[in-house]
Amino acid sequence: MSTVGATPVAESQSISVTENVDVWERSPLTLRTTSEGPTTIVAPRTFINVESAATGNLPLNKRTVTIHERNESINMSFEPRIGAGTRTLAGDEAQLLAVKLDRVPTTAGVDASNISAAALGDVFENNSDTTSSELLDDAEGVGTIDENGELNASYTPESGGAYGFVLVTVNEGDDGLSVSDGNVSVDGNVTVVGVEQAIVQDNASTVEPAQNPVNPGDNVTLDVDTEMEDENATHAVMLVRRGELQRQSSTVTVSGELNESFSQDQITVENSFDNVSGVATVGDNTSIAGLNLSGTQSIPAIGLQGIFGVVVSEAESDAGGDVIHASVTVVSADSDANVTVQTLDSWPNGAYQYVHVAVGNETGTINSDTGTVAVSPGGGPGNGGGPPDNAGGPNSAGDDDGDGAE
């Protein structure tokens, strides 16, 4: 096993996952996508506590959930974060490994696969659920970490799907990573210092509310058109009151050792809200972007799958306390379909953001769209009132009136 890291990362903060690969325990904090995608929602503030590393509650710095576009650059930044100083890595040679995942881990929102030493070990030993791997190094502008401990990179995906990004530093004199026929090889010693994930759509769907505004308690029916041809799809639609998610928080605690026996049972989640006031309509064995939504789950309200999963597992028609007003429908239907989401009589007036994601049942093609619907008394047929502007992107996170729709 490797005993010396490839970088000035303290040995006590690194985990050896293969003979040549170590993982810095703070690597889930440092690398983040910075691009705005066509479908964006602002998530709760999220904290992570890795007990074996005595981190305390550290911000995960993942406030926006974005679906990116194929053939468009995904920009990323590696930099010092709270609990993860990177200036000691200044001058180290870096490489960025981009892998397309065959499926999204069931704990995708917390990026537990990035924390798991076993999962990263599988990537480097070519035993993971990946369909392709690409390496970005000097030729693609991924060189040395600068004097401030920072590095910027970009990757352009050619197809939709779930992608993972692994930033490594290379021991001086070694070649580091190489990729041939999709297989990853390691020459010398490398240390994983940053990890991130992204979901990429193949095309945008077009979603139009059949009625807008609607009365509290009325169904919201969305007319969905996708770019998929001759294919059935799984449609997932979430309807959530704008501005509510951003005022909440989610704390993920990882207990036990981060080694080859790591399991989801080591992850516990505590949310600041008590319940979800809404209705979940989900068929048996229904999944969206790799996450099975047909059962009760304990997952954090971060990441696209995490937000959908929390609403599905906690939605109640008589929920009380500090609640989020949201409903979800997941249904398998034609690629073009009408999808209905329920509201409740108790829902307060206001603008509600809908997020639509369609995944082709045969090809895995991803389409998505987002917009808003007004919920207000007198919003039934013939009462007038056009749809509100779909304003407020991820930069409006401090606006109590809402955010996230584009």
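Just so you know, these numbers come straight off a predicted model, no measurement behind them.

A. A look at the overall build of the chain. Across its full length, the chain carries three helices and 30 strands. Within the chain, residue pairs in contact and separated by at least 24 positions form 76% of the contacts whose partners lie at least 6 positions apart. Counting only carbon and sulfur atoms, one obtains 38% of the accessible surface of the chain, whose full area is about 16,200 Å².

B. Main features of the sheet that holds strand β21 (residues 267-271). Pairing in this open sheet of four strands is mixed, and the strands run β6-β5-β20-β21 from one edge to the other. What marks the edges here is a single partner per strand, and that holds for β6 (58-59) and β21. Pairing of strand β20 (residues 249-254) with β21 involves five bridges; the strand directions are antiparallel. Among the inter-strand pairings, S250 is bridged to a residue of β21, identified as N271.

C. A negative patch on the surface, seen in detail. Negative charge collects at one region of the surface, where E208, D223, D225, E227, E229, D230, D334 and D336 lie side by side. Relative to the helices and strands, D334 is located in strand β27 (residues 323-334).

D. Structural view of helix α3 (residues 303-314). Relative to the 16 Å expected for twelve residues at 1.5 Å per residue, α3 spans 16 Å between its end C-alpha atoms, a close match to the ideal helical length. Of all twelve residues that make up α3, ten are buried, and the element is covered over most of its length. Inspection of α3 places G303, L304, Q305, G306, I307, F308, G309, V310, V311 and V312 among the buried residues, and these make up the whole buried set.

E. Just the pattern of salt bridges, in detail. Within this structure, the stated rule accounts for four salt bridges. We note a salt bridge from E244 to R241, for which the minimum N-O separation is 3.4 Å. For R241, a relative accessible area of 24% corresponds to the partly exposed category. What emerges from the salt-bridge pattern is a single network uniting R32, K62 and E196.

F. Expanded view of the nonpolar core. Counting 30 residues, the largest nonpolar core has F78, L96, V142, L151, F165 and L167 as its most contacted members. Once you skip the residues sitting within four places of it in the chain, V142 turns out to touch E93, A94, Q95, L96, L136, D137, L151, A153 and L167. Counting residues in hydrophobic clusters, the runner-up holds 25 residues, among them V65, I199, V276 and V328.

G. Up close: the packing of aromatic side chains. Tallying each qualifying case throughout the model produces three aromatic pairs. Each ring, one from Y155 and one from F165, has its centre 5.7 Å from the other, and the planes form 65 degrees; the classification is edge-to-face. In this pair, Y155 sits in strand β11 (residues 151-155) while F165 sits in strand β12 (residues 161-170), placing the two residues ten residues apart along the sequence. A relative accessible area of 1% means that F165 is categorised as buried. Among the aromatic residues, ring-to-ring pairing joins Y155, Y163 and F165 into one connected group.

H. Expanded view of the confidence of the model for the chain. With 81% of its residues at a pLDDT of 70 or more, the chain shows a mean pLDDT of 82. Contacts for the low-pLDDT stretch residues 1-7, under 50 throughout, to residues beyond four places or in other chains number 22 contacts. Low confidence marks residues 104-115, where pLDDT is under 50. Its contacts with residues over four positions away, or in another chain, come to 41 contacts.

I. Representation of the sheet that holds strand β8 (residues 74-78). Taken together, three strands build an open sheet; the order of strands is β3-β8-β11 and the sheet is antiparallel. Strand pairing shows two members of the sheet lacking a second neighbour, β3 (31-33) and β11, which therefore form its edges. The average undirected angle you get between the axes of adjacent strands in this sheet is 25 degrees.

Rules used throughout
Numbering of residues starts from 1 in every chain and runs along the sequence as written. Where local features are concerned, this predicted model is filtered to residues with pLDDT of at least 70; where side-chain atom pairs are given and counted, the filter is 80 or more; whole-chain, interface and lining totals use all residues. The side-chain numbers reported here are obtained from all heavy atoms of the structure, hydrogens and water having been left aside. Strands are runs of DSSP state E lasting at least 2 residues, helices are runs of H or I lasting at least 4, and numbering of each runs from the N terminus. For this analysis, residues touch if any pair of their heavy atoms sits within 4.5 Å. Residue burial considers only the protein chains on display, and all accessible areas are found by Shrake-Rupley using a 1.4 Å probe. At least two DSSP bridges between two strands are required for those strands to pair. Put simply, a patch holds well-exposed residues, over 30% relative accessible area, that have no salt bridge, with like charges counted together within 9 Å and Val, Leu, Ile, Met, Phe, Trp or Tyr side chains within 5 Å. In the sections that follow, a salt bridge refers to a side-chain nitrogen of Lys or Arg positioned within 4 Å of a carboxyl oxygen of Asp or Glu. The charge count treats Lys and Arg as positive and Asp and Glu as negative. His and the chain ends do not count. Taken as the charge centre is NZ of Lys, CZ of Arg, CG of Asp or CD of Glu, depending on the residue. The length a helix should cover is 1.5 Å for every residue beyond the first. Burial classification: accessible surface area is computed with a 1.4 Å probe over protein chains only, and a residue below 20% of its type maximum counts as buried, one above 50% as exposed, and the rest as partly exposed. Take the buried residues of types Ala, Val, Leu, Ile, Met, Phe, Trp, Tyr and Cys, join any two whose side-chain atoms come within 4.5 Å, and each joined set is a nonpolar core. In this scheme Phe, Tyr and Trp rings, the latter by its six-membered ring, pair at centre separations within 6.5 Å, and the angle between planes marks the pair as stacked below 30 degrees, edge-to-face above 60, and tilted otherwise. Confidence of the predictor at the level of single residues is given by pLDDT, which spans 0 to 100. Note on method: axes are straight lines fitted to C-alpha atoms, helices fitted across the in-contact stretch only, with angles between N-to-C directions ranging 0 to 180 degrees.

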